[in-house]
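# A closer look at the structure
Here are the chains, one letter per residue:
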Amino acid sequence: MSAQPHHTLPPVRLHSDAELAREALGAPLFARAVRLARWAGPGTRVGVGGELDAAQLPEAAAALGLEPADEDAAVYASQAWRVAVDTGLVDVTEPDEDADDAEDAEDAEGAGGAAEAAEAGAEGSAHGTAAPGEDLALVTGGAPGEVLDLWLAALETVLADAAVPDLDELVDALDTGGEVDFGRLDWNPQREADFLDGVLANLYLLTVAEGGAGESAVPLPVLAASMVVPDGMGEPTDEVLEQVSDAMMRLDDQFRQLEPIGLVEFRPVDEDLMAEASDEDLAAGPSGASAGDDEDVSRYGMVRLTPLGLYGIRARMREAGVEAPAIGELSGKGADALLEAVSRFPESAAQAEIEQWLAGRELPAAVAELLAAARGDDEGAPLRRLRCQQALATAGPDVEPAVRAVLEDAELGGLARVWLAERGVGDVPAPDAEMVFWLTVDTIAAQLAADGETEELPLLIASLTAHHSGFFEQAWRVEHPATAYVLEAMGRLHPDRKAAKEARKAAFKARSRQG
């Protein structure tokens, strides 16, 4: 996968390595490659590139349980053999063409003269040998991670094949010297590989954005449009719609090739639909179907990354330098690393990561560590405290001493009082006005950092300020780094126009006070 700009994606929920390894072994193409590796032996003949001799394809198909007469049997056998060779499941010794040709010519000369020798030399076919490779033993005796490494190697082979144009087009584009005329083919290998990488990256992003479990399929027109339609374009032009339609057809062919390796679950474009629809109809895709009409939408093609596919695309993205976290990776890290990371996660993913971090730890000590990591006056501190509060929400009474220990802390005292009050704990000292105002500013700063200016935020702002008469007369004096920033947001978002005006005045005072 080509390198992408460095950025952080939402975390993905991955199955365990053991589960993923079982899925890999069950992927049809990988399973066929394993069967052919076990079938390979002294009588197996290969060509110069390690490909299976054409005369042996029927036997290989039979070894796979396919009917040799089936027109697809030879294709399946050839694909599986290539995967077996590329992954090291099979070791091949390629033929020495010059040596074999000379030997054939020598035999022919002894049998019938120079003319026959020349003919034999011209037509002599070289054969190499094949045998099960050392890595075949990993299929049954290796660790799950070793099985997954084999599957990733198989995936690379399949992705390379998927980026190659139709074989008939390739043959037509061969020039007289046996080289591919890419100009005639209108095909650039790197461009095609980058396009497929981009499609899979977008599919991954759409998946993790929904929670990281890959439960929903994506309509093919949506995926095609994500690669073709320029950002900010309103109504697509006819030219763009035609490009989306072409991209859909390319993806339809590519996902058919990627499904057997276990990367995706795919429902192809309905062939009847392709016959009936124009390019504009295809590109419009689900937008032309009635809302909720799943059957109509699915006719345009649907694709979903499998759990194994999520694992595979994430592995390739990480290799390309993209930061692609997975839930559970932070279990062995400290609380500071946890809060820093989950501050960038969606709320549900942050909760899942926090729960895994807490599991197996002594809760009182873990909560004390979280509270210590939540301190700070840097820009990210309010959101760290919000995630710390999120972590404390599931804690029981055994952590009360750790929470009480920060009651007098200027940054954590308000958070601690909220937690104790929610559990009906008695003898909790009331916060002074300074702590109340500070906590209000901190809470709104955290919400802005987490979700931006959401529709719900004005209601939160109104609720927090309604309990204090003359709130904005006091708020601009709050010793919090985000005071002016929060008051400016209140001035934009407060649902009461008079209060919004007071917030803007207070923001100006806070800016002046901060210099």
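To start, this report covers the structure provided alongside it.

Conventions we followed
- Residues numbered from 1 in each chain as written.
- Predicted model: local features only at pLDDT ≥ 70, side-chain atom pairs only at ≥ 80, totals over all residues.
- Heavy atoms only, no water.
- Helix = DSSP H or I, 4+ residues; strand = E, 2+ residues; numbered from the N terminus.
- Buried < 20%, exposed > 50% of the residue type's maximum accessible area, 1.4 Å probe, protein only.
- Areas by Shrake-Rupley, 256 points an atom, 1.4 Å probe, with all protein chains shown as cover.
- Polar contact = N/O pair within 3.5 Å; in protein donor to acceptor, adjacent residues only side chain to side chain.
- Contact = heavy atoms within 4.5 Å.
- Pairing = 2+ DSSP bridges.
- Phe/Tyr/Trp six-rings, centres within 6.5 Å; stacked < 30°, edge-to-face > 60°.
- Core = buried A, V, L, I, M, F, W, Y, C linked by side-chain atoms within 4.5 Å.
- Axes fitted to C-alpha atoms, helices over the stretch in contact; angles between N-to-C directions.
- Arc of directions from axis to C-beta.
- Parallel < 35°, antiparallel > 145°, perpendicular 65-115°, else oblique.
- Left-handed = near helix turned anticlockwise from the far one by under 90°.
- Nonpolar A, V, L, I, M, F, W, Y, C, P; charged D, E, K, R; others polar.

### Re the overall build of the protein
The helix and strand inventory of the protein stands at 28 helices and six strands. Across the 515 residues that make up the protein, the buried fraction comes to 43%. Looking at the protein as shown, the accessible area adds up to about 25500 Å², and 50% of this sits on carbon and sulfur atoms.

### Brief notes about the side chain of Arg384
Here Arg384 is to be found in helix 21 (residues 381-392). Under the relative-accessibility criterion, Arg384 is labelled buried at 8%. Within polar-contact distance, the side chain of Arg384 engages the side chain of Asp378 at 2.9 Å. Excluding residues within four positions of it along the chain, Arg384 makes contact with Leu339, Glu340, Ser343, Ala373, Ala374, Arg375, Gly376 and Asp378.

### Observations regarding the pairing of strand 3 (residues 128-132)
The pairing of strand 1 (residues 45-46) with strand 3 spans two bridges and is classified as antiparallel. Residue Val46 lies in a different strand from strand 3, and its bridge partner there is Gly128. Sheet topology places strand 2 (residues 90-93) next to strand 3; four bridges connect them, and they run antiparallel. From the neighbouring strand, Asp91 faces strand 3, where its bridge partner is Ala131.

### Re the packing of aromatic side chains
Counted according to the given criterion, the structure contains four aromatic pairs. Relative to Trp81, the ring of Trp39 lies with its centre 6.2 Å away and its plane at 85°, an arrangement referred to as edge-to-face. With Trp39 in helix 2 (residues 28-39) and Trp81 in helix 4 (residues 73-87), this residue pair connects regions lying 42 residues apart in the sequence. The same class applies to Trp39 and to Trp81, which are both buried. Ring centres of Phe255 and Phe266 lie 5.5 Å apart, and the angle between their planes is 45°; this geometry places the pair in the tilted category.

### Topic: the nonpolar core
Counting 76 residues, the largest nonpolar core has Leu89, Trp151, Tyr204, Phe255, Leu258 and Leu263 as its most contacted members. The element contributing the most residues to this core is helix 8 (residues 144-162), with ten residues. If we skip the residues at most four places from it in the chain, Leu258 touches Val158, Leu159, Ala162, Leu196, Leu200, Leu263 and Val264. With 34 residues, the next largest nonpolar core counts Leu330, Leu338, Ala350 and Leu358 among its residues.

### Let's talk about the sheet that holds strand 4 (residues 218-219)
Strand order in the open sheet formed by three strands is 4-6-5, and the pairing between neighbours is antiparallel. Single-partner strands in this sheet number two, and they are strand 4 and strand 5 (264-267). Pairing between strand 5 and strand 6 (residues 302-305): four bridges, direction antiparallel. Along strand 6, the bridge assignment pairs Phe266 with Val303. Those strands touched by helix 11 (residues 189-209) are strand 4, strand 5 and strand 6, and its axis lies near 75° from that of strand 6.

### Here's the deal with helix 12 (residues 220-228)
Listed in full, the buried residues belonging to helix 12 are Leu220, Pro221, Leu223, Ala224 and Val228. Looking straight down helix 12, one finds its buried side chains confined to an arc of 160°; they lie on one side.

### Overview of the sheet that holds strand 2
If you walk across this open sheet you meet the three strands as 1-3-2, and the pairing is antiparallel. Lying at the two open borders of the sheet, with one neighbouring strand each, are strand 1 and strand 2. Packed onto the sheet, helix 4 meets strand 1, strand 2 and strand 3 and runs at close to 90° relative to strand 2.

### Some details on the packing of helix 18 (residues 335-342) against helix 19 (residues 347-358)
The contact between helix 18 and helix 19 brings their axes to 10 Å, and the two run at 165°. If you check the angle between helix 18 and helix 19, you find them roughly antiparallel. Helix 18 and helix 19 meet at a crossing whose hand is right-handed. Facing helix 18, whose interface residues are Ala335, Leu338 and Val342, helix 19 presents Ala350, Glu353, Ile354 and Trp357. When grouped by side-chain class, the residues that make up the contact of helix 18 with helix 19 number six nonpolar, no polar and one charged.

### With respect to helix 18
Listed in full, the buried residues belonging to helix 18 are Ala335, Leu338, Leu339, Ala341 and Val342. For helix 18, the angular spread of the buried residues around the axis is 165°, confining them to a single face. The elements touched by buried residues of helix 18 are helix 19, helix 20 (363-373) and helix 21.

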